[in-house]
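Reading the structure
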Amino acid sequence: MFTTPDDCNSMIVKVSGNERPETFFARRNKQATKSRDIGDNCKFSYNVEVQYKRQQEDKTLNIIVTGGAGFIGSNFVFYMIEKHPEDRIICVDSLTYAGNLSTLESVMDNPAFRFVKLDIRDREGVEKLFVEEKPDVVVNFAAESHVDRSIENPGIFLETNIMGTAVLMDACRKYGIQRFHQVSTDEVYGDLPLDRPDLFFTEETPIHTSSPYSTSKASADLLVLAYHRTYGLPVTISRCSNNYGPYQFPEKLIPLMIANALHDQPLPVYGEGLNVRDWLYVEDHCKAIDLILRGGRVGEVYNIGGHNEMRNIDIVKLICAELGKPESLIKYVTDRKGHDQRYAIDPAKIHGELGWLPETMFKDGIKKTIHWYLDNQAWWETIRSGEYRNYYEKMYGNR
Ligand code: NAD
Ligand code: DAU
């Protein structure tokens with residue numbers, strides 16, 4: 001019987017980054033059905049029509065989206081305004097170095113959208129907003145998100161990622177909420193060895209963090225689950241793999257390499273560049289969160305990932321090729337401290353329960369992303385000309 005997530009995990013299927021996601025999942029489903037009975041805990045079949053019908057029947061929602069001026073949060077705002085124009089989005093962001101109001105320019109005048117500059121650690125401010133807006137749903141993206149920065153300065157990660165989450169949940173308890181959704185990360189599971197491609201993270205994989213960043217996210221996850229068990233707060237958690245796409249801050253691997261390559265600057269690859277990440281186009285992440293909000297079971301964790309594992313060095317070479325830049329720009333630099341080897345998500349649960357499938361193949365998504373950075377040079381050039389310069393010099397100057 002296919003009853004435990006470990007069982008799901010032990011089914012080895014060869015994955016190729018260029019295979020269409022539907023084909024991959026269909027092939028995997030076929031193998032699962034062929035090889036064993038599928039138990040209740042691990043359903044692979046679903047019906048897209050039913051899923052979308054249920055969405056249409058939903059009532060209008062007042063949704064607070066924290067961290068909506070950042071990379072994934074802003075993409076989520078755009079996705080929701082397009083997909084559910086009947087809902088109201090209240091974007092809360094304190095505009096740290098990673099938040100950019102110009103990203104939200106296209107929705108600022110939309111009557112279904114409101115931007116509020118607010119720190120999620122500000123208890124009074126958060127409570128005032130709850131009284132004003134009476135939210136039905138809170139989706140918490142707000143976080144310090146960069147591993148390298150957490151190694152330099154862990155304190156702010158603990159404050160925002162743990163304490164900020166607690167402040168939001170306390171307001172949810174006090175004023176009531178239909179759903180509090182915590183946007184978490186696959187990094188809470190630690191890493192997998194490079195020589196065991198048969199292993200994946202399931203929702204049952206023990207938490208085993210490496211960096212101050214992942215530890216702060218794991219702590220927040222535990223707190224969210226504790227608020228559910230102790231106070232009955234209706235929560236869900238998603239743990240997604242690495243995202244890529246438009247509006248990602250140029251400190252992260254893909255936009256950093258694109259921006260440096262365009263300036264013919266060295267491309268700093270940590271260690272030997274053999275670490276593996278499981279890349280997902282940002283819109284597929286947004287779609288998964290929307291499905292969890294509308295159909296996910298309260299108290300549950302859902303892993304999100306599209307089986308698209310790539311070595312860092314291969315991504316950097318691909319970017320060079322797409323931009324017509326020489327690989328001689330690549331510079332191997334001192335490795336990240338505690339560098340996680342491999343992340344790989346098993347998305348069987350969200351696929352089986354909610355019918356989620358990634359839609360953008362990496363070969364298309366990476367081209368779209370590179371071209372977005374080419375077409376939106378002003379957006380990232382502004383960032384790179386500011387405080388970011390000091391950061392870059394500090395992190396890479398003597399590396
Ligand atoms: P990001 O750094 O681009 O954006 C974070 C946003 O949060 C910024 O707009 C920032 O101004 C805001 N913020 C930070 N501290 C705040 C505070 N105290 N109060 C209010 N706003 C604050 O991050 P991202 O890559 O978009 O990640 C968003 C979320 O998704 C994070 O929780 C992250 O852990 C999670 N996540 C990211 C990835 C990824 O690949 N980027 C993958 C999985 C999960
Ligand atoms: O897995 C999800 C996580 O993905 C999110 O929770 C984090 O918020 C997000 O930042 C991301 O974390 P990573 O550490 O995996 O992403 P980053 O882009 O920083 O690095 C990706 C890989 O590239 C990693 O193995 C380190 C390497 N790298 C990164 C940078 C910035 C380099 O080789 N050179 C670099 O300059």
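Structural notes, computed from the coordinates. (Residues numbered from 1 in each chain as written. Chains lettered and ligands numbered in written order. Predicted model: local features only at pLDDT ≥ 70, side-chain atom pairs only at ≥ 80, totals over all residues.)

1. Section: the site of ligand 2
Worth spelling out the cut-off: For each residue, a C-beta atom is placed from the backbone, and the residue counts as near a molecule or strand when that atom lies within 6 Å of it. Numbering of helices and strands runs from the N terminus, with a helix taken as a DSSP run of H or I at least four residues long and a strand as a DSSP run of E at least two residues long. Under the scheme applied, nonpolar residues are Ala, Val, Leu, Ile, Met, Phe, Trp, Tyr, Cys and Pro; charged residues are Asp, Glu, Lys and Arg; polar residues are all the others, including Gly.
Residues in contact with ligand 2 amount to 19 residues; listed here are only the nearest, Ser145, Thr185, Lys252, Leu253 and Tyr270. Secondary structure elements with two or more residues in the shell around ligand 2: helix H9 (253-262) and strand E8 (267-270). It is E8 that provides the largest number of residues to the shell around ligand 2, a total of 3 residues. Broken down by class, the residue content of the shell around ligand 2 amounts to 7 nonpolar, 7 polar and 5 charged.

2. Focus on the site of ligand 1
Inspection of the region around ligand 1 gives 30 residues, with Gly67, Gly70, Phe71, Gly99 and Ala143 positioned closest. Within the residue set of the shell around ligand 1, elements represented by two or more residues are helix H4 (71-83), helix H7 (155-175) and strand E5 (179-185). Among the elements that make up the shell around ligand 1, the one with the highest residue count is H4 (3 residues). Residues of the shell around ligand 1, tallied by class, amount to 12 nonpolar, 13 polar and 5 charged.

3. Some details on the sheet that holds strand E6 (residues 235-240)
Heads up, the rule is: Any two strands with at least two DSSP-identified bridges between them are counted as paired. A fitted line through C-alpha atoms serves as each axis, taken over the contacting stretch for helices, and the angle formed by two N-to-C directions is quoted from 0 to 180°.
Pairing is parallel across the open sheet formed by 7 strands, whose spatial order is E3-E2-E1-E4-E5-E6-E11. Strand pairing shows two members of the sheet lacking a second neighbour, strand E3 (113-117) and strand E11 (301-304), which therefore form its edges. When the angles between neighbouring strand axes are averaged without regard to direction, this sheet yields 20 degrees. Judged from the 5 bridges that link them, strand E1 (residues 62-66) and strand E2 (residues 88-93) form a sheet pairing that is parallel. Bridge pairing in E2 places threonine 66 opposite valine 92.

4. Considerations on the nonpolar core
Here is the rule: We define a nonpolar core as a collection of buried residues of the types Ala, Val, Leu, Ile, Met, Phe, Trp, Tyr and Cys that are connected via C-beta atoms lying within 7 Å of each other. Residue burial here comes from a neighbour count, namely the number of other C-beta atoms, placed from the backbone, that lie within 10 Å of the residue's own C-beta, with 20 or more meaning buried, 12 or fewer meaning exposed, and in between meaning partly exposed. Contact between two residues is assigned when their C-beta atoms, built from the backbone, lie within 7 Å.
With 85 residues, the main nonpolar core has Val65, Phe76, Val77 and Met257 as its most contacted residues. Top element by residues in this core is helix H10 (residues 282-295). It accounts for 7 residues. Excluding anything up to four places from it in sequence, valine 77 contacts Val65, Gly68, Ile89, Cys91, Leu104 and Val107.

5. Structural notes on the packing of H7 against helix H8 (residues 212-231)
Operational definition: With respect to orientation, any angle under 35 degrees is reported as roughly parallel, any angle over 145 as roughly antiparallel, any angle of 65 to 115 as roughly perpendicular, and every other angle as oblique. Note: crossing handedness is left-handed where the near helix turns anticlockwise from the far helix by less than a right angle, and right-handed where it turns clockwise.
For the pair H7 and H8, the least separation of the axes is 8 Å and the interaxial angle reads 20 degrees. Between H7 and H8, the interaxial angle falls into the category roughly parallel. For H7 against H8, the interelement crossing comes out right-handed. Side by side, H7 and H8 meet where Phe157, Leu158, Asn161, Ile162, Thr165, Ala166, Met169 and Arg173 of the first sit next to Pro212, Tyr213, Ser216, Lys217, Ser219, Ala220, Leu223, Val224, Tyr227 and Tyr231 of the second. Here the residues of the contact of H7 with H8 are counted per class, giving 12 nonpolar, 4 polar and 2 charged.

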